[in-house]
Amino acid sequence: MVETANHNHQTPPSQAAPPPAVAPPLGAARGPLFPPAEQLLQLHYCIHSNPSWVQTAVLGFQHYIVMLGTTVMIASALVPRMGGGPGDKARVIQALLFMSGVNTLLQTWFGTRLPTVMGPSFAYVISVLAIINDLSDSDFQSEHERFTHTMRAIQGSLIVSSFVNIILGYGSAWRNLTRFLSPVVLVPAVCVVGLGLFARGFPQLGNCVEIGLPMLILLVISQQYLQHIHPVARPMLERFALLVCIGLVWAFAAILTVAGAYNNVREQTKLSCRTDRSFLMSSAPWIKIPYPFQWGTPIFRASHVFGMMGAALVSSAESTGTFYAAARLAGATSPPGHVLTRSIGLQGIGQLLEGIFGAAVGSTASVENVGLLGLTRVGSRRVVQISTAFMIFFSIFGKFGAFFASIPLPIFAAIYCILYGIVAAIGISFVQFTNNNSMRNIYVLGVSLFLGISIPQYFIMNTDVAGHGPVRTNGGWFNDILNTIFSSPPTVALTVGTLLDNTLEARHTVEDRGLPWLVPFQRRKGDSRNEEFYSYPLRINEYIPTRFL
């Protein structure tokens, strides 16, 4: 009975053990996680959408005003050292404006097709200073003759060195170099495009605090805080507060000048603060059309050409970082390799034209105008194309252009404090496509970002007024090349970042580096949107050989 009872007893089926509780990721309950976004969603107008024609014209004029600051800074720094007077400075500004308009049109039509203004570049300043210093011991009958002779030497150097970019671009060498880029490299390369220009921000503003600081505060308050007062005021202040602030502070500077506030100050303060110290209005011609070889026959000297070649190479690296920032702020995908290489080639053609038309320096993609895309949230290509009409118009009608060129430089410096910061932040945004928690990525980012700022700062601090940098060998042309390259933050950051990223466990960290996100955009047909943003207008690509597209 007992055995029978034991055999008839049914044991209950075993219960499956509950799965172990999975702990949520650390910090998951503290807030939402934001997925990576290939395109910024808060732009009002992207690359191929356009505001009304009236707003387009005003925004285009705003782009002209923003790029005018760098143009005047470069002319003010170089022309007096060449021996030129106010009239020569006005003509140099006209030539720079004219070529900026032409090159911007070329780039928006046949280059990257991004809304980027091509403005004069500070990368050429060291090479130009070397030319000025080399000719300082020569005998001239007048200072004006020394100025024209120097401009002819600059013309010859720009013409010959332009072939560096032409060969790099249309020879597809630049496309091959861009294959080594990853989001880990883009973060410091784009970031220092903005941060590397800090010397043109508050240090320039500090030359006239009573004008620069009110401009900075007024722009932040009106453009960011007052827009929330009324829904109707928001788009107007967001897009046009910059022009309103410039007008108000410029009028304030004029009142201080007339009231005699700067009568008993040092000369440098007068140059920075007064609205009548540029003498451009009195010396600029009413109508003057820039024409080829306006300074005379170009002078070609090998030592000058080699130094300018280094500047041409630097301008290519700086433009590359700026193009990536512009694409993001215009709502476009990252520019493919074939687009970057044709833009560098076209930049070389632009430099050739600048040498022919007598510009004082070569051009590069304007960082401040890219920052303006983010400030106004208008990335329209048409707006930038319309801005070229203002550049060309004011380059021909000199009196009108001189009126706006007399805006005190600390006002521009206050604007740049914000615009350069926006571009630097765009560079940081590329880190979302990488593994933020990878110690290998943190190392590459930190070292390339720090050296990208620290090395150029060392070279700039040890460069004298004659353009002599810390590299001082018996070969002057060799010195100019190295001093120019290592004085450029984007070039140093791009070089260091590329070397580290492609040599430190590169094959085993493909996903951590963000390559699966970037590689499709680097190929011509890797993403269907590439043709939408970067194809030539009016089906021009049907008539151009494939290797040049």
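Fair warning: this is a prediction, and the values are worked out from it, not measured in the lab.

1. Some words on the overall build of the chain
Looking only at helices and strands, one finds 23 helices and two strands in the chain. Overall size of the chain, expressed as C-alpha extent along the three principal axes, is 135 × 55 × 50 Å. Within the span of the chain, comprising 549 residues, buried residues form 54% of the whole. Across the chain, contacts joining residues at least 24 apart in sequence account for 85% of those joining residues at least 6 apart. Roughly 24,100 Å² of accessible area belongs to the chain as shown, and the carbon and sulfur atoms make up 65% of that amount.

2. Points about the state of the cysteines
What the rule picks out here adds up to one disulfide. Note on cysteine connectivity: Cys208 is disulfide-linked to Cys273, with sulfurs 2.1 Å apart. On the sign convention where negative means left-handed, the S-S torsion of about 130° between Cys208 and Cys273 marks this disulfide as right-handed. Within this pair, whereas Cys208 is found in the loop between helix H8 (202–205) and helix H9 (209–225), its partner Cys273 is found in helix H11 (residues 267–273), the two being separated by 65 residues in sequence. Lacking any disulfide linkage, Cys191 is separated from the closest cysteine sulfur, that of Cys417, by 16 Å. The buried category is assigned to Cys191, whose relative accessible area is 3%.

3. Quick look at the environment of Arg274
Its place among the elements puts Arg274 in the loop between H11 and helix H12 (280–283). Here the alpha-carbon distance between Arg274 and Cys208, two residues 66 residues apart in the chain, equals 9.4 Å. Discounting chain neighbours no more than four positions away, the residues touching Arg274 are Thr257, Tyr262, Asn263, Thr269 and Pro408. A polar contact is formed between the side chain of Arg274 and the side chain of Asn263, at a distance of 3.4 Å.

4. Regarding unusual backbone geometry
Of note in the backbone geometry, Arg377 takes a positive phi value of approximately 60° without being a glycine. Within the element layout of this structure, Arg377 appears in the loop between helix H15 (367–376) and helix H16 (381–396). Overall, Arg377 belongs to the partly exposed group, its relative accessible area being 25%. Positive phi, normally seen in glycine, also occurs at Glu505, with a value near 50°. Within the secondary structure layout, Glu505 lies in the loop between helix H21 (489–501) and helix H22 (515–522).

5. Considering helix H2 (residues 53–82)
With 30 residues, H2 should reach 44 Å at 1.5 Å per residue; the first-to-last C-alpha distance of 42 Å fits that figure. The largest bend in H2 comes to about 25°, at Leu68. Taking burial as the measure, the 30 residues of H2 include 22 buried ones, the bulk of the element. Of the residues flanking the end of H2, it is Gly83, one or two places downstream, whose phi is positive at about 100°.

6. What to know about the confidence of the model for the chain
Looking at the chain, pLDDT values average 89 and 93% of them are 70 or higher. In the predicted structure, residues 1–11 sits below a pLDDT of 50 and forms zero contacts with residues beyond four places in sequence or in another chain.

7. Let's talk about the packing of helix H3 (residues 86–110) against helix H14 (residues 337–357)
Running from N to C, H3 and H14 cross one another at 155°; their axes reach a closest spacing of 10 Å. In terms of orientation, H3 and H14 fall into the roughly antiparallel class. The element H3 and its partner H14 pack so that their crossing is right-handed. Residues Ala95, Phe98, Met99, Val102, Asn103, Leu106, Gln107 and Phe110 of H3 lie in contact with H14, whose contacting residues are Arg342, Ser343, Leu346, Gln347, Gly350, Leu353, Glu354 and Phe357. Residue classes in the contact of H3 with H14 are distributed as nine nonpolar, five polar and two charged.

8. Looking at the packing of aromatic side chains
Tallied over the entire structure, the rule returns 28 aromatic pairs. Taking 5.2 Å as the distance between ring centres and 75° as the angle between the ring planes, the aromatic pair formed by Phe403 and Phe404 counts as edge-to-face. Overall, the relative accessible area of 40% leaves Phe403 in the partly exposed class. The structure contains a cluster of three or more aromatic residues connected by ring pairs, namely Phe61, Tyr64, Trp250, Trp286, Phe390, Phe393, Phe394, Phe397, Phe400, Phe403 and Phe404. Between the NZ or CZ atom of Arg328 and the centre of the ring of Phe430, over which it lies, the distance is 5.9 Å. Just above the ring of Trp286 sits the side chain of Lys399; from NZ or CZ to the centre is 5.8 Å.

9. Considerations on the packing of H2 against helix H5 (residues 143–170)
Direction vectors running N to C along H2 and H5 enclose 120°, while the axes themselves pass 8 Å from each other. If you check the angle between H2 and H5, you find them oblique. Side by side, H2 and H5 meet where Val79, Arg81 and Met82 of the first sit next to Glu143, Arg146, Phe147, Thr150, Met151 and Ile154 of the second. Looking at the contact of H2 with H5 residue by residue, the class counts come to five nonpolar, one polar and three charged.

10. A word on the environment of Arg523
Turning to its location among the elements, Arg523 is positioned in the loop between H22 and helix H23 (529–534). A C-alpha to C-alpha distance of 10.0 Å links Arg523 and Arg175, two positions 348 residues apart in sequence. Not counting residues up to four positions away in its chain, the partners in contact with Arg523 are Pro336 and Asn530.

11. Points about the nonpolar core
Counting 126 residues, the largest nonpolar core has Tyr64, Met215 and Phe430 as its most contacted members. Residues Tyr45, Phe240, Val378 and Val383 belong to the second largest nonpolar core, which totals five residues.

12. Topic: helix H4 (residues 125–134)
One full turn of an α-helix is made of 3.6 residues, so residues set three or four places apart face in the same direction. Of all ten residues that make up H4, eight are buried, and the element is covered over most of its length. Along H4, the positions that sit buried rather than exposed are Val125, Ile126, Ser127, Val128, Leu129, Ala130, Ile131 and Ile132. Where H4 is buried, its residues meet H2, H5, helix H13 (302–329) and helix H20 (476–485).

13. Considerations on a nonpolar patch on the surface
A grouping of Ile217, Val220, Ile221, Tyr225, Leu226 and Ile229 is seen on the molecular surface, where their side chains present a nonpolar patch of about 570 Å² in accessible area. Take Ile217: it is sitting in helix H9. Ile217 gets classed as partly exposed once you look at its relative accessible area, which sits at 44%.

Cut-offs and rules
Residues numbered from 1 in each chain as written. Predicted model: local features only at pLDDT ≥ 70, side-chain atom pairs only at ≥ 80, totals over all residues. Heavy atoms only, no water. Helix = DSSP H or I, 4+ residues; strand = E, 2+ residues; numbered from the N terminus. Buried < 20%, exposed > 50% of the residue type's maximum accessible area, 1.4 Å probe, protein only. Contact = heavy atoms within 4.5 Å. Areas by Shrake-Rupley, 256 points an atom, 1.4 Å probe, with all protein chains shown as cover. Disulfide = S-S within 2.5 Å. Polar contact = N/O pair within 3.5 Å; in protein donor to acceptor, adjacent residues only side chain to side chain. Expected span 1.5 Å × (residues − 1). Bend = angle between axes of the 7 residues up to and from the residue. pLDDT = per-residue confidence, 0-100. Axes fitted to C-alpha atoms, helices over the stretch in contact; angles between N-to-C directions. Parallel < 35°, antiparallel > 145°, perpendicular 65-115°, else oblique. Left-handed = near helix turned anticlockwise from the far one by under 90°. Nonpolar A, V, L, I, M, F, W, Y, C, P; charged D, E, K, R; others polar. Phe/Tyr/Trp six-rings, centres within 6.5 Å; stacked < 30°, edge-to-face > 60°. Lys NZ or Arg CZ within 6 Å of the ring centre and 35° of its normal. Core = buried A, V, L, I, M, F, W, Y, C linked by side-chain atoms within 4.5 Å. Patch = residues over 30% accessible without salt bridge, like charges linked within 9 Å, V, L, I, M, F, W, Y side chains within 5 Å. Salt bridge = Lys/Arg side-chain N within 4 Å of Asp/Glu carboxyl O.

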